[in-house]
Amino acid sequence: METASEISELVGILRSVFRMVFGKLKSKNITEKSLDEEVLRVLRNYVIAKKHLKLNFSEPKDEIYKVEKGRTPYDILCYGNIVGRDFRIFINNKFGDLYSKSLNDITTYNNIIRLYLDVRQQRLKGKVIIDEDKIYRRFLGEEIISYGVFVFDARKRGFNFFILEEIDDEFYVNPRNTMFQVKYKPRISKTPLDYYSFVTKLIDATVDSLKKSKASIEAEVLILQTIKQQIMLIKGKKMNKRISFIETPKDIARLMVKLSTIQKDELVLDTGCGNGIFLEVLREKGYENVLGIEIDEELYKTCTSKGFKVLLGDFLSYEFKERFGLIVGNPPYAHFNQLPKQISENVKRIIGTSEGDIYYAFIVKSINLLKEGGELIYIVPYHFFYNTYAKTLREYILRNGKIELVIDLDEIRLFKGESPETVIFKFRKGVFNLSREKIKILNIKAKKVTSYEIMLTADEALKNRSSNKIWDYKEINHFTTPAIWSSYLPTSTSLFPQFPSVRLNQIAKVGVGPVSGFDKAFLISEEELLRLEENEKTLVKKFVKAKNCIRFITQGCHYYILTEDRMNEDDLRSKYPNIYLKLSKFKNILSDRYLPVGKKWFHWQALRNYNFLTSNLPKKRIYVPALDRKPYNRFSLGEENSLPSSDVIFIQLYAEDDIFFLLGFLNSKFFREYYLSNGGRRGGRVAFTQRILEETRIPLFSTDEKEKIGNITKEIIDKLRKCENTEKEESKIEQIVYESIKYQKFQGTLLF
Ligand SMILES: C[S@@+](CC[C@H](N)C(=O)[O-])C[C@H]1O[C@@H](n2cnc3c(N)ncnc32)[C@H](O)[C@@H]1O
């Protein structure tokens, strides 16, 4: 460790070199940006060549010191040898205020440690590899390493040059950016530290600094968490007041109020009255005893300022003494999870589940508050007709009265920013003989229509009990069970007499396909597939997506990488390197997916029905898009060895022979109408869900008819493969189905 005198000599020389540099540059217009270039320009060809000392300058040289392309942890390298010892001094040029007492960033502490210890890893992570011999040579002073700072005063008041080993101040590392920081005029000791003392001081000081900062960071984290809680509380309080305020267009309110048949002196309630649209219409129409209730104070004040009688409070917990002849309005819609706690507790108490919507609870409580014969007229989302969690609500409605009227607005956007599919319904409380009555239904046909047109034309259609250019008018039997309801009107209602049948899930397994959770990573093109090794190809599976279902047949397929849950990362990396490489590119996104416990980033999110599907891989099955806007059904025959993607539903028949018959029947218009009227409609689309399909009834056609349908289906498939027209064959199937049902050409007895 005999290097002190050599280092001192080098520092002395460098100070005079940088004095010269400063002298040359001070008359120039130096900026922070140009400083490095200017210093290099002066020093690039500067050489000292004496007997015991050779000294040169260059731009940063050694590749290992490059942090990023074009960026190094120092700006200029001074290198050479002194009394036979190689030296390298990494120099950082700084443009700044020599007289400021503040600390300034030099480079990250790990860069300095890397430079001194010759560590090639860019981050000090995991196991850091150190070359023992090299370090030992540096201990002995056989190789000299140092880091210097040249400070050019921004106001040209002078310069400073020092090396880190000379600094007498305590070292400091800023934990936020992990920068090693110094003053531009630090205290300098007489003799620079030797290599070993410097490196250990640097590490100790860094550890100390980071530890001290950890405590203050923890305190800050606490403060931030408290602030976040306060913000959440403020939001919670506001939410209590403002739960989904959306104003109803006045003409829609007029249409709804007009549906009522109660006397004008009866007690009327508007639940969640907002700005008082319904209250205004009720006043306009001459109702005398009207009350509103609103949870939001500002909205409440608006209503009272208009002279309305309004209660301020939560409808769901308010204890009314009155019973009402009419409850009308547009209640709030929000899923249980989006509600403030005290409201959601009420919702759960009223509807008995935490999976429903606040408007379900509004309906139940409103029915409760009606007197016998009283009417409830609400505009709400359509989903209480089919949602599983609205089943108890449907039950409650059936137990307490009847739905008299449904105005199905389908996908007409009445409320800005809100999802469409709204219905207006009218309920009457009481006990009725429903077998003698019908529900009046209006289904909107028009796609674009104003609220004013809706009001006029709906009123007209109801008065005339007939369709018009905006509406289809129908009268359908009352709903008798809480199973899925539908406002869809089959065009041929007479075609639905009871028929002997089996449920689809008695003859087939119906299910959904596996979900990758991020298709972009797992999808693989045919080109990429060709580049895989043979064993890697075993991880690639053929999937049928909704777009491959073209009705009767599938066309094309999609290839996906599928790593089963038992695959571990080491195996994937070593045995399937190309696949590993491809998936690794998406590692961050894949890791961010919601993954059940035990799954790794390269696994599929949910391998739904995977075991069943793979054990039936050599069999044919039927696929259908889970949600479809096409005006015809797209049940399609899946080729052997294919799997259903997450956007299709599969049907795997237990008796494979029946597959062609079933395919033909499912694609018939008869089945489509039947399915839609059983709750499959979602706005302008059809939802083929596992649940509805499983419950779907398949007529027990006679063997003859079944065979005929099957054979025609085969013909259709052949023709489609040859791109020929199949209209004639398809209408033959319609005919057989129609006649079988009309003339009851069935086998066996009624199964339901
Ligand atoms: C969809 S907006 C309809 C407003 C008004 N009825 C209209 O049609 O223009 C629902 C209203 O219900 C209010 N609301 C939400 N939750 C409520 C509750 N628990 N009790 C009373 N009002 C509530 C909201 O503040 C909002 O004004």
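Caption draft 1: Looking closely at the overall build of the protein chain. A count of helices and strands for the protein chain gives 25 helices and 31 strands. Taking 2.2 N^0.38 as the reference for a compact globule, 752 residues should give roughly 27 Å; the C-alpha atoms of the protein chain span a radius of gyration of 39 Å, well beyond that estimate. Its C-alpha atoms give the protein chain principal-axis dimensions of roughly 120 × 75 × 40 Å. In the protein chain, buried positions account for 51% of the 752 residues. Within the structure as shown, the protein chain displays about 37,200 Å² of accessible surface, and the carbon and sulfur contribution to it stands at 50%. Side chains of the protein chain carry 123 positive and 99 negative charges; the gap between the two charge centres is 2 Å.

Caption draft 2: Inspection of the site of the ligand at higher detail. Lining the immediate surroundings of the ligand are 23 residues, of which Thr248, Gly272, Glu294, Asp314 and Phe315 lie closest. One nitrogen or oxygen atom from the main chain of Gly272 is found 2.7 Å from a nitrogen atom belonging to the ligand. In this structure, Ile295 approaches the ligand through a main-chain N or O atom, which is 3.3 Å from a nitrogen atom. Burial of the ligand by the surrounding chains reaches 100%, relative to a free accessible area of 590 Å². A class-by-class count of the residues in the shell around the ligand yields twelve nonpolar, six polar and five charged.

Caption draft 3: Up close: the sheet that holds strand E5 (residues 104-108). The three strands are arranged E5-E9-E8 in an open sheet whose pairing can be described as antiparallel. Strand pairing shows two members of the sheet lacking a second neighbour, E5 and strand E8 (172-174), which therefore form its edges. Taken pair by pair, the neighbouring strands of this sheet meet at an average axis angle of 40°, ignoring direction. With four bridges connecting them, E5 and strand E9 (residues 179-182) associate as antiparallel partners. Counterpart to Asn104 in the pairing with E9 is Val182. Sheet strands in contact with helix H3 (residues 109-117) are E5, E8 and E9, and its direction is about 55° off that of E5.

Caption draft 4: Representation of the nonpolar core in the model. Core analysis: the biggest nonpolar cluster contains 135 residues, and Phe384, Ile424, Ile454, Trp471, Phe635 and Leu693 have the highest contact counts within it. Of the residues forming this core, the biggest block, nine residues, is contributed by helix H10 (residues 358-369). Of the domains in this structure, domain 2 (250-483) and domain 3 (505-515 + 544-558 + 603-742) are the two that each give at least three residues to this core. The residues touching Ile424, leaving out its near neighbours within four places in the chain, are Ile252, Leu255, Met256, Leu259, Ile377, Tyr378, Ile379, Leu405, Val406, Ile407 and Leu409.

Caption draft 5: How the structure looks around a nonpolar patch on the surface. On the surface, a cluster of nonpolar side chains totalling about 200 Å² of accessible area is made up of Leu124, Val128 and Ile130. With respect to the helices and strands, Ile130 occurs in the loop between H3 and helix H4 (132-139). Since its relative accessible area comes to 41%, Ile130 is described here as partly exposed.

Caption draft 6: Up close: the pairing of strand E10 (residues 267-271). Burial analysis of E10 places four of its five residues in the buried class, the great majority of the element. One ladder, built from five bridges, connects E10 with strand E11 (residues 289-294); its direction is parallel. Bridge pairing in E11 links Leu267 to Asn289. Handedness of the E10-helix H7 (residues 277-284)-E11 crossover: right-handed. Alignment of E10 against strand E13 (residues 324-329), held across three bridges, turns out to be parallel. The partner of Leu269 across the bridge, within E13, is Ile327.

Quick notes on the rules
- Residues numbered from 1 in each chain as written.
- Predicted model: local features only at pLDDT ≥ 70, side-chain atom pairs only at ≥ 80, totals over all residues.
- Heavy atoms only, no water.
- Helix = DSSP H or I, 4+ residues; strand = E, 2+ residues; numbered from the N terminus.
- Rg over C-alpha atoms; globule rule 2.2 N^0.38 Å.
- Buried < 20%, exposed > 50% of the residue type's maximum accessible area, 1.4 Å probe, protein only.
- Areas by Shrake-Rupley, 256 points an atom, 1.4 Å probe, with all protein chains shown as cover.
- Lys, Arg positive; Asp, Glu negative; His and termini not counted.
- Charge placed at Lys NZ, Arg CZ, Asp CG, Glu CD.
- Near = heavy atom within 4 Å.
- Polar contact = N/O pair within 3.5 Å; in protein donor to acceptor, adjacent residues only side chain to side chain.
- Nonpolar A, V, L, I, M, F, W, Y, C, P; charged D, E, K, R; others polar.
- Pairing = 2+ DSSP bridges.
- Axes fitted to C-alpha atoms, helices over the stretch in contact; angles between N-to-C directions.
- Contact = heavy atoms within 4.5 Å.
- Core = buried A, V, L, I, M, F, W, Y, C linked by side-chain atoms within 4.5 Å.
- Domains from an automatic or database assignment.
- Patch = residues over 30% accessible without salt bridge, like charges linked within 9 Å, V, L, I, M, F, W, Y side chains within 5 Å.
- Salt bridge = Lys/Arg side-chain N within 4 Å of Asp/Glu carboxyl O.
- Right-handed = clockwise from strand over helix to strand, strands pointing away.

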